[in-house]
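Commentary on secondary and tertiary structure
Here is how the chains run, residue by residue.
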Amino acid sequence: MKKLFVVFLLLALVATLGLAKVQIQFWHAMGGWRIDFLAQQAEKFNATHPDIEVQVQYTGSYRDTLNKLIAAVQAGTAPHVVQVFDVGTQIMVDGGIAVPVGDLMAKDPTFDLGNFLPQVLSYYRVNGKLYSMPFNSSNAILYYNKTLFKEAGLDPNNPPRTFEEFKDAARKITKYYQGNVVGFGFNLHSWFFEQLMAAQSAPMCDNNNGRTGRPTKALFNNEAGLKIFEWLNDMKREGTMIETKVEDWTGARNLFISQKAAMLLSSTSDVALMMSASKENGFEFGTAFLPTPADAPAGGAVIGGGSLWIIGGHPDIETQAAWEFVKFMADTEQQIEWHQATGYFPVRKDAVEQLLFSGYYAQYPDHLTALMQLLLSEQNYNARGAIIGAYPEIRTAIEQNLEKMFGGELTPAEALKKAEEAATRAIKEYNEVY
Ligand SMILES: O=P(O)(O)OC[C@H](O)CO
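The protein chain is annotated in an unreviewed UniProt entry as Glycerol-3-phosphate ABC transporter substrate-binding protein from Kosmotoga arenicorallina S304. UniProt, in its Sequence similarities (unreviewed entry) section for the protein chain, records the words "Belongs to the bacterial solute-binding protein 1 family." UniProt lists a comment for the protein chain under the heading Subcellular location (unreviewed entry), and it reads "Cell envelope".

Attention now goes to helix 15 (residues 332-341). Buried residues dominate helix 15, accounting for seven of its ten residues. All buried positions along helix 15 are accounted for by Thr 332, Gln 334, Gln 335, Ile 336, Trp 338, His 339 and Ala 341. Where helix 15 is buried, its residues meet helix 2 (34-48), strand 7 (133-138), helix 13 (271-280), helix 14 (316-329), helix 16 (349-357) and helix 17 (360-363). One or two residues past the end of helix 15 sits Gly 343, with phi positive at roughly 135°.

The domains assigned to the protein chain are domain 1 (2-138 + 303-362) and domain 2 (140-296 + 389-433). Between the C-alpha centres of domain 1 and domain 2 the distance comes to 30 Å. Every contact between the two is made by 20 residues of domain 1 and, on the other side, 19 residues of domain 2. Carbon and sulfur atoms supply 46% of the area buried between domain 1 and domain 2, which totals about 1,500 Å² over both sides. In terms of surface lost to domain 2, no three residues of domain 1 exceed Arg 63, Val 87 and Ser 138, which account for 36% of the buried area on that side. Across the contact surface, domain 1 and domain 2 share three salt bridges. Arg 63 is the salt-bridge partner of Glu 247, the closest N and O atoms lying 3.2 Å from each other. Summed over the shared surface of domain 1 and domain 2, the number is nine residue pairs in polar contact (both at pLDDT 80 or more). Only helix 4 (89-95), helix 6 (118-124) and helix 15 provide two or more residues apiece to the side of domain 1 that touches domain 2.

A separate point is the site of the ligand. The ligand sits among Tyr 62, Phe 85, Asp 86, Ser 138, Trp 191, Trp 249, Ser 267, Ser 269, Gly 304, Gly 305, Tyr 344 and Arg 395. Tyr 62 is positioned with one of its side-chain polar atoms (N or O) 2.4 Å from an oxygen atom of the ligand. When the ligand sits alone it has 310 Å² of accessible area, and the protein chains cover 96% of it. Tallied by class, the residues present in the shell around the ligand amount to five nonpolar, five polar and two charged.

With that settled, consider the pattern of salt bridges. The final tally for this structure, using the stated rule, is 20 salt bridges. Put simply, Glu 399 and Arg 63 hold a salt bridge, and the shortest N to O gap is 3.9 Å. Of the two residues, Glu 399 is situated in helix 20 (residues 391-406) and Arg 63 in helix 3 (residues 62-75); the sequence distance between them amounts to 336 residues. Given the relative accessible area of 2%, Glu 399 is considered buried. A salt bridge links Asp 168 to Arg 171; its shortest N-O distance comes to 3.7 Å. One end of the pair is Asp 168 and the other is Arg 171, both in helix 8 (residues 163-176) and three residues apart, which spans about a single turn. Judged by its relative accessible area of 35%, Arg 171 falls in the partly exposed class.

Looking now at the packing of aromatic side chains. One pass over the full model with this rule turns up 30 aromatic pairs. Their ring planes at 40° and their centres at 5.6 Å tell us that Phe 111 and Phe 116 sit as a pair that is tilted. Summarising the burial analysis for this pair, Phe 111 and Phe 116 share the class buried. Measuring from centroid to centroid gives 4.9 Å for Phe 166 and Phe 184, while their planes differ by 85°, and the two rings are edge-to-face.

A few words now on the sheet that holds strand 11 (residues 261-267). Read from one edge to the other, the open sheet built from five strands follows the order 10-9-11-8-12, with strand pairing classed as mixed. Whereas interior strands pair on both sides, the edge strands pair on one side only; in this sheet they are strand 10 (241-243) and strand 12 (285-288). Across the sheet, the axes of successive neighbouring strands diverge by a mean angle of 25°, strand direction being ignored. Sheet contacts for helix 8: strand 8 (140-145), strand 9 (182-186) and strand 11; angle to strand 9, the most-contacted strand, approximately 120°. Its contacts with the sheet put helix 12 (residues 249-257) on strand 8, strand 9, strand 10, strand 11 and strand 12, and the angle it makes with strand 11 is roughly 145°.

When we look at burial in helix 13, the residues that qualify are Val 271, Ala 272, Met 274, Ala 277 and Ser 278. Looking at the buried side of helix 13, the elements it contacts are strand 8, helix 12, strand 11, strand 12 and helix 15. Backbone geometry just after helix 13 places Gly 282 at a positive phi near 70°.

Take the nonpolar core next. With 133 residues, the main nonpolar core has Met 133, Phe 184, Phe 220 and Leu 232 as its most contacted residues. If you tally residues by element for this core, the top one is helix 14, at eight residues. Residues lining this core come from more than one domain, with at least three contributed by each of domain 1 (2-138 + 303-362) and domain 2 (140-296 + 389-433).

Here is what the cut-offs are and how they apply
- Residues numbered from 1 in each chain as written.
- Predicted model: local features only at pLDDT ≥ 70, side-chain atom pairs only at ≥ 80, totals over all residues.
- Heavy atoms only, no water.
- UniProt positions renumbered as here; feature names shortened; annotations may be inferred.
- Buried < 20%, exposed > 50% of the residue type's maximum accessible area, 1.4 Å probe, protein only.
- Helix = DSSP H or I, 4+ residues; strand = E, 2+ residues; numbered from the N terminus.
- Contact = heavy atoms within 4.5 Å.
- Domains from an automatic or database assignment.
- Buried area = accessible area lost by both parts, 1.4 Å probe.
- Salt bridge = Lys/Arg side-chain N within 4 Å of Asp/Glu carboxyl O.
- Polar contact = N/O pair within 3.5 Å; in protein donor to acceptor, adjacent residues only side chain to side chain.
- Near = heavy atom within 4 Å.
- Areas by Shrake-Rupley, 256 points an atom, 1.4 Å probe, with all protein chains shown as cover.
- Nonpolar A, V, L, I, M, F, W, Y, C, P; charged D, E, K, R; others polar.
- Phe/Tyr/Trp six-rings, centres within 6.5 Å; stacked < 30°, edge-to-face > 60°.
- Pairing = 2+ DSSP bridges.
- Axes fitted to C-alpha atoms, helices over the stretch in contact; angles between N-to-C directions.
- Core = buried A, V, L, I, M, F, W, Y, C linked by side-chain atoms within 4.5 Å.

So this is what it looks like as structure tokens:
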């Protein structure tokens, strides 16, 4: 507390005397038009915090940003705040390079964690500690083209809920448009496999998804995993689905926006973009929860997106300024603006409450889909999501084997088995280091 007071005094002194501002580097992975949006948010922070100057840098994809961070830490040039994706959480904790935000919160009487959504906190808590500030939270939802549905004789207000209904809808669309439009555009990214596993309440690894002990092996070669691989493979073979190249988010969005595919699984963070793109392209779209096999047990939506990490090794005055910045980004006003501009749902209860009572969701119901999917989730380790240090490598293993399955080299059962074996190897290799 005493130390905090001294830092505050120093910040005030710097401001009063007009001394050099405390400069903070913020790295993020939000491409496209979101680069400008985050730059504006930082400007807003700078204007209201005259003693601090946040310098924002877009550092590429989530994977690129994490790799650049690791290189910068090794070179002694690490930024103060960095956005790290969901599955980078354990590696960040193990790397020991961050100042846990839980420690900073404990010293800051102005901060109330009780305002945050418990599901979001639960994802980011590792061994009972909160290491990073929730910021951009998402889950995967179904986007479907209501206009194409209607023309093809499908009910635009009754999107498919099960894998079986989904396959049927994909068939009808593809047939109706004689292949000029396919039913489903699949973004070949492991995240969708992970989300579809949680939706069936199935795990990704042992030790309760790594939540009660460090994982020792992958556990997704099971009935739920096979149903996903078979579902995708069936649509591929029937010609009712086209997939993108690995992790080609833009390509996947474009399949939907250009009306080449009538359905897409994507992040809720695309809702705002889809709203404007559908208008420009003259179609109406809807959103829905992720489909699941008809006989699957009830599951839940895992928190996706990213969070803000404060990197250690900087002078206290800079760490304190970084804390002020991450607090600002997670504050009610910013969270509402961020939600409306993107589709990431707010990480705070008071932001949700304000939006609800202002009538926002009555006007923009697609902004509510992911939030409802989250709030209606089962509360268990599988829905909470796996925490695995080797997650980026596991994603690669899943994506590469899906690719081989689509190419006809492997059956769904073979692809899934190989993916799980590679994932277990990655977990074991990681455990040898940490
Ligand atoms: O596209 P985002 O930001 O919702 O993130 C999706 C995944 O969670 C990335 O790991």
